[in-house]
Amino acid sequence: MASTCPNCGKKLHIWDVKAECSECGVSIPNYNWQERLEEDNIRAEKQFAVFNRTINRIAYSIYGTKLRIVRLILTFLPAIGFILPWAVVKSDATNFDLSIISFSGNKALIEFFSSFFGNIDLYITNMKLENFGGAVTLGVAGYILFVLSALFIVIAFFMNIIMCKHPKTKVTIVFDVLSIIASVAAVVCMVVSGNAAAEMTAYNFGDFPVINASASVSWGYFVAVVLLLVAMGVNIAVAKAPAKSDETLEEERLARKAEKEEKERQKAIEREKARAEADKLAKEEEAKKVAEAKAKLAAAKEKKSK
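Residues numbered from 1 in each chain as written. Predicted model: local features only at pLDDT ≥ 70, side-chain atom pairs only at ≥ 80, totals over all residues. Heavy atoms only, no water.

A tally of helices and strands in the protein yields nine helices and five strands. When the helices and strands of the protein are read in sequence order from the N terminus, they spell out α-α-α-β-β-α-α-α-α-β-β-β-α-α. On the principal axes, the C-alpha backbone points of the protein span a range of 120 × 90 × 45 Å. Going through the 306 residues of the protein one by one, you find that 33% of them count as buried. With the model as given, the accessible surface of the protein reaches about 19100 Å², and the carbon-plus-sulfur share is 63%. For the protein, the distance from the average position of its 39 positive side-chain charges to the average position of its 34 negative side-chain charges is 8 Å. (Helix = DSSP H or I, 4+ residues; strand = E, 2+ residues; numbered from the N terminus. Buried < 20%, exposed > 50% of the residue type's maximum accessible area, 1.4 Å probe, protein only. Areas by Shrake-Rupley, 256 points an atom, 1.4 Å probe, with all protein chains shown as cover. Lys, Arg positive; Asp, Glu negative; His and termini not counted. Charge placed at Lys NZ, Arg CZ, Asp CG, Glu CD.)

Set out below in structure tokens:
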């Protein structure tokens, strides 16, 4: 409720519960309602314009140009690289792939997560015993960095939407670079982990036994890093390409809306024409049937009169 009467300015108290001001008698809730309604309309139009600009920007950022459509496709291609083996740790007991899943029966990210979160204390104890610098620590770091690399490339995609008001943003490129750096670090940690394991002869990676281990970079990493570099290259190209203004995007949206409405209007006209034609044919058919019936009736009367 207003603290003062909008008409005479009288101070209102908690006991002034009536809609009308006790001083001037004006209805406080309805005072100047037309002007307030106009203000609400203006406010709603501004909010709707902001909403339209945001939707325009999101759509333009994702698939507004051919280059951005290419970027959309290439953004998802690096996902293929994460199911390929980046590095392999082989041993006489358990083998490991630096990958989301393994197609060769080795332990991969899924098995590592299941083991790690199922018995995290065991991993921490083993890492403490090697002063957080041995094979177990490096192996855990390798898998974590592998996940970070995937996370950064996903964030890079969503940055296209989050930063849609800045179509030439370079934030996506930053996360692409971070993804590549994390991937290199993951592979290095995994390979060094295998080399460190070779000096230990035997140890437990959580609840997985490792004996006479060795590690190497796998072919899958080269495919993955190429896909990551291609995705980054497209983001660089998009950042350097010309971008449309909010005004241009709104004009294009209105033009598409007008075109759609015109098509719908034409379809409505065609439907009305078809309906009118059908009515006309139905009436003609009905008139024809009536005329035939009259003719038959007249013929019957004439025959009877003879």
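With that settled, consider the sheet that holds strand β1 (residues 87–90). Reading across from one edge, β2-β1-β5 is the order of the three strands in this open sheet, with antiparallel pairing throughout. Lying at the two open borders of the sheet, with one neighbouring strand each, are β2 (96–97) and β5 (214–217). The sheet contact formed by β1 and β5 spans four bridges and is antiparallel. Bridged to V89 within β5 is A215. (Pairing = 2+ DSSP bridges.)

All right, on to the packing of helix α5 (residues 120–129) against helix α6 (residues 135–162) then. Where α5 meets α6, the axes come as close as 7 Å, and the angle between the chain directions of the two elements is 130°. Regarding the angle of α5 to α6, the classification is oblique. When α5 is examined against α6, the residues Y123, N126 and M127 are found in contact with a partner set consisting of V136, T137 and V140. The class makeup of the residues in the contact of α5 with α6 is four nonpolar, two polar and no charged. (Axes fitted to C-alpha atoms, helices over the stretch in contact; angles between N-to-C directions. Parallel < 35°, antiparallel > 145°, perpendicular 65-115°, else oblique. Contact = heavy atoms within 4.5 Å. Nonpolar A, V, L, I, M, F, W, Y, C, P; charged D, E, K, R; others polar.)

Running from amino to carboxyl end, helix α2 (residues 66–76) crosses helix α8 (residues 219–240) at an angle of 155°, the nearest separation of the two axes being 9 Å. In terms of orientation, α2 and α8 fall into the roughly antiparallel class. Between α2 and α8 the crossing geometry is left-handed. Here L67, R68, R71 and L74 of α2 come into contact with α8, specifically with V230, A231, V234, N235, A237 and V238. Taken together, the residues of the contact of α2 with α8 break down into seven nonpolar, one polar and two charged. (Left-handed = near helix turned anticlockwise from the far one by under 90°.)

So, about the environment of T137. Mapped onto the fold, T137 is located in helix α6. In sequence terms T137 and G194 are 57 residues apart; their C-alpha atoms lie 11 Å from each other. Apart from residues no more than four positions distant in its own chain, T137 is found in contact with M127, E130 and F132.

A word on the nonpolar core. Counting residues in each nonpolar core, the largest one holds 40 residues, and the members touching the most others are L98, Y123 and F205. Only β1, α4 (109–118), α5, α6, α7 (171–200), β3 (202–205), β4 (208–211) and α8 provide two or more residues apiece to this core. Broken down by element, this core gets its largest block of residues, nine residues, from α7. Excluding residues within four positions of it along the chain, F205 makes contact with F96, F112, Y123, V136, G139, V140, Y143 and V210. Judged by nonpolar contacts, the second largest core, of five residues, contains A156, M159, F175 and A182. (Core = buried A, V, L, I, M, F, W, Y, C linked by side-chain atoms within 4.5 Å.)

The final tally for this structure, using the stated rule, is 20 aromatic pairs. On the numbers, 5.7 Å between centres and 35° between planes, the contact of F112 with F113 is tilted. Arranged with centres 5.2 Å apart and planes meeting at 70°, the rings of F157 and F158 form a pair that is edge-to-face. Exposure remark for F157: the relative accessible area of 15% places this residue in the buried category. By relative accessible area, F158 is classed as partly exposed at 43%. Through successive ring pairs, a cluster of aromatic residues spans F96, F112, F113, F116, F117, Y123, Y143, F205 and F208. (Phe/Tyr/Trp six-rings, centres within 6.5 Å; stacked < 30°, edge-to-face > 60°.)

Turning next to a nonpolar patch on the surface. Side chains of Y63, I69, I73, L77, I80, I83, I101, F103 and I110 sit close together on the surface and give an oily, nonpolar patch of about 840 Å² of accessible area. In this structure, I80 sits in helix α3 (residues 78–81). Residue classification places I80 among the partly exposed positions, given a relative accessible area of 42%. (Patch = residues over 30% accessible without salt bridge, like charges linked within 9 Å, V, L, I, M, F, W, Y side chains within 5 Å. Salt bridge = Lys/Arg side-chain N within 4 Å of Asp/Glu carboxyl O.)

A full pass over the atoms with the stated rule returns seven salt bridges. Note that E252 and K244 form a salt bridge whose closest N and O atoms lie 2.8 Å from each other. Assessed through its relative accessible area of 27%, E252 is described here as partly exposed. Looking at K244, the relative accessible area reads 30%, which means it is partly exposed.

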